[in-house]
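Results of the structural survey
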Amino acid sequence: MNTFDALSLFSGGLDSILASKLMQNHGHKVLGLHFTSPFFGKPDQVPEWEREYGVPIAVIDVGQEFVDLMAAFPPHGFGKVLNPCVDCKILMLRRAKELLPLYGASFLISGEVLGQRPMSQRADTLNIIRNEADVRDVLLRPLSAGMLPITPMEESGLVDRTRLPSLVGRGRKGQYALAKALGVTRIPTQAGGCRLGERESARRYWPILQTFPQPLSPYFDLANVGRQLWRRVEDAVTGHWMVMGRDHKDNEKILKLVRPEQYVFVLKSFPGPHAVGIPVPGLDWTEEILAEAGSCLASFSPRARRHGDVVEVLATRNGEERIITVRPDAPHGFQDNLTWPQTRAEQKQWERGLAKG
Ligand code: SF4
């Protein structure tokens, strides 16, 4: 395996590119670490970034660790939506530190800029992140180095502090000037691409966190696809969750993500969507609920509805197939997931409950 001097948190955003290039420019051999999960990460772009920016990159999946963090409620809380930015940084830096020996590297690089983000890049928060991730001795934030306390890497002369910038605040002028100086001509768009900061995604994720005692990372991949339907009786979620394709592409994605213990629902004789039912451990899908799921599926098929009679739905689980006969117009409890304001209200109520202990 190749060895490196430093590992750099490489999200693909401008700051991570600049921090990596800057250290390369100082003569250090840098490996980018691109963290992925159902919520963030663009592993498909890695080869292009490697070509464009000349930084080798390793893709690191932190999906389950991240889901465990979300399920246990992030100690530093959420940002404006469902983004636990402080705990996210701590998790990534801890993981990066664990990887140092594997790559023979001696320090970590992060593109954080002092004062750039309200939640995770204030001076006090940068300290909390560094301390809780236990990276005090190995973390360099080169873009704001001149504004931050001296690190062991600078003190020992491994990194020349006098050549490091002092970027600070939300403006981007300093970054653009640095990009020019480093020969970075392709500037990525500002958007970070983290779904946890998007309301539409957050309302898909929230009921999973509330329903499953130990949610798995692939559940959130399913939450990123198609229509999210949760069964409700008298406004209360019963714990029965179905993901239904909205088009052919969704159907294909759903079938790729399905696990053996989950139900796949398909109409037997009519074109229509595919759906997957995701059971909560210990909570059965009774005959009645399977029939409701079948009716819900059939109701989304115009031809099944026009048929005007009962239709057959094929339900497959653990390799076993069964036919469910349903009416497309039969009542069922599967409904679209909550709107963002409703989700936010639930989230706040939950946080208040946790605060009370
Ligand atoms: S925006 Fe998303 S990826 Fe970025 S720090 Fe926050 S939670 Fe992590």
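What this report covers is the structure whose coordinates are included nearby. What you see is a predicted model; the values in this text were computed from it and never measured. Residue numbers run consecutively from 1 along every chain, following the written order of its sequence. Two thresholds apply to this predicted model, a pLDDT of at least 70 for residue-level local features and 80 or more for giving and counting side-chain atom pairs, whereas whole-chain, interface and lining totals are computed over all residues. Water and hydrogen atoms were dropped before computing side-chain values, which therefore reflect all heavy atoms in the structure.

A look at the overall build of the chain
Labels follow the DSSP assignment, with helices taken as runs of H or I lasting at least four residues and strands as runs of E lasting at least two, numbered in each case from the N terminus. Helix and strand counts for the chain come out as 13 helices and 12 strands. Overall, the chain is about 80 × 50 × 35 Å in size when its C-alpha atoms are taken along their principal axes. Counting only residues that meet the buried cut, the chain has 50% of its 357 residues in that class. A separation threshold of at least 6 residues defines the contact pool for the chain, and within that pool the share at least 24 residues apart is 65%. With an accessible surface of roughly 17100 Å², the chain has 50% of that area assigned to carbon and sulfur atoms. Burial classification: accessible surface area is computed with a 1.4 Å probe over protein chains only, and a residue below 20% of its type maximum counts as buried, one above 50% as exposed, and the rest as partly exposed. Contact criterion: two residues are considered in contact whenever any of their non-hydrogen atoms come within 4.5 Å of each other. Computed by Shrake-Rupley with a 1.4 Å probe, the accessible areas treat only the displayed protein chains as cover when residues are assessed.

Some thoughts on the pattern of salt bridges
Side chains carrying opposite charge are able to pair once their charged atoms draw close together. A pairing counts as a salt bridge when a side-chain nitrogen of Lys or Arg comes within 4 Å of a carboxyl oxygen of Asp or Glu. Tallying each qualifying case throughout the model produces 17 salt bridges. Where Glu292 meets Arg231, a salt bridge forms, and the shortest distance between an N and an O atom there is 2.9 Å. Of the two residues, Glu292 sits in helix α11 (residues 287-299) while Arg231 sits in strand β6 (residues 227-233), which places them 61 residues apart along the sequence. Here Glu292 and Arg231 have matching classes, each one buried. Asp250 serves as the salt-bridge partner of Arg246, at 3.9 Å between the closest nitrogen and oxygen. Of the residues examined, Arg246 reaches a relative accessible area of 52% and is grouped as exposed.

Side note on the sheet that holds strand β4 (residues 107-109)
A pair of strands is considered paired only if DSSP assigns at least 2 bridges between the two. The sheet built from 5 strands is open, its strands ordered β3-β2-β1-β4-β5 with parallel pairing. In the strand order of this sheet, the two ends are held by β3 (57-61) and β5 (139-140), each with one partner. Looking at chain direction, β4 and β5 are connected through 2 bridges and run parallel. Each residue of the ladder has a partner; that of Ile109, found in β5, is Leu140.

Topic: the nonpolar core
Among buried residues, those of type Ala, Val, Leu, Ile, Met, Phe, Trp, Tyr and Cys that are joined through side-chain atoms within 4.5 Å constitute a nonpolar core. Core analysis: the biggest nonpolar cluster contains 56 residues, and Leu7, Leu33, Phe35, Phe66, Leu82, Leu108 and Trp241 have the highest contact counts within it. With 8 residues, helix α4 (residues 85-99) is the largest single contributor of residues to this core. These domain boundaries are the output of an automatic or database domain assignment. Here this core gathers at least three residues from each of two domains, domain 1 (6-193) and domain 2 (198-340). Discounting chain neighbours no more than four positions away, the residues touching Phe66 are Phe39, Phe40, Pro84, Cys88, Leu91 and Leu196. Counting 28 residues, the second-largest nonpolar core is a separate cluster that includes Ala19, Val46, Leu140 and Ala179.

Description of the packing of helix α3 (residues 63-71) against α4
Note on geometry: axes are lines fitted to C-alpha atoms, helical ones only across the stretch in contact, with angles between N-to-C directions running from 0 to 180 degrees. Contact pair α3 / α4: the axes reach a minimum separation of 11 Å and the direction vectors enclose 145 degrees. In terms of crossing hand, the pair formed by α3 and α4 is right-handed. Across the interface between the two elements, Glu65, Phe66 and Leu69 of α3 pack against Asp87, Cys88, Leu91 and Arg95 of α4. Residue polarity is assigned by list, with Asp, Glu, Lys and Arg as charged and Ala, Val, Leu, Ile, Met, Phe, Trp, Tyr, Cys and Pro as nonpolar; anything else, Gly included, falls into the polar class. Here the residues of the contact of α3 with α4 sort into 4 nonpolar, no polar and 3 charged. Handedness of a helix crossing follows the sense of rotation of the near helix relative to the far helix, less than a right angle counterclockwise being left-handed and clockwise being right-handed.

Focus: the site of the ligand
All residues adjacent to the ligand are Phe40, Pro84, Cys85, Cys88 and Cys194. A breakdown of the residues in the shell around the ligand according to their chemical character gives 5 nonpolar, no polar and no charged. Nearness is defined per residue: one heavy atom within 4 Å of the molecule or strand is enough.

Notes on the packing of α4 against helix α5 (residues 123-132)
For the pair α4 and α5, the least separation of the axes is 9 Å and the interaxial angle reads 35 degrees. For the pair α4 and α5, the crossing hand works out as right-handed. Packed against α4, whose contacting residues are Val86, Lys89, Ile90, Leu93 and Arg94, the element α5 presents Thr125, Ile129 and Glu132 at the interface. Here the residues of the contact of α4 with α5 are counted per class, giving 4 nonpolar, 1 polar and 3 charged.

Observations concerning the layout of surface pockets
Lining residues are those with an atom within 4 Å of a point, where the points come from a 1 Å grid over the protein atoms alone and group into cavities, where a 1.4 Å probe fits but cannot get out, or pockets, open sets with protein on both sides within 12 Å along at least five of seven lines. Grid points are joined across faces, edges and corners, and a volume is the space filled by probe spheres set on the points. One number sums up the size of the second largest pocket: a volume of about 530 Å³. Around the second largest pocket, the lining comprises 20 residues; the ones closest to its centre are Ser37, Pro38, Gly41, Arg195 and Asp221. Contributing elements (two or more residues each) for the lining of the second largest pocket: α9 (217-223) and α10 (248-257). With 3 residues, the top contributor of residues to the lining of the second largest pocket is α10. A domain split of the lining of the second largest pocket shows at least three residues from each of domain 1 (6-193) and domain 2 (198-340).

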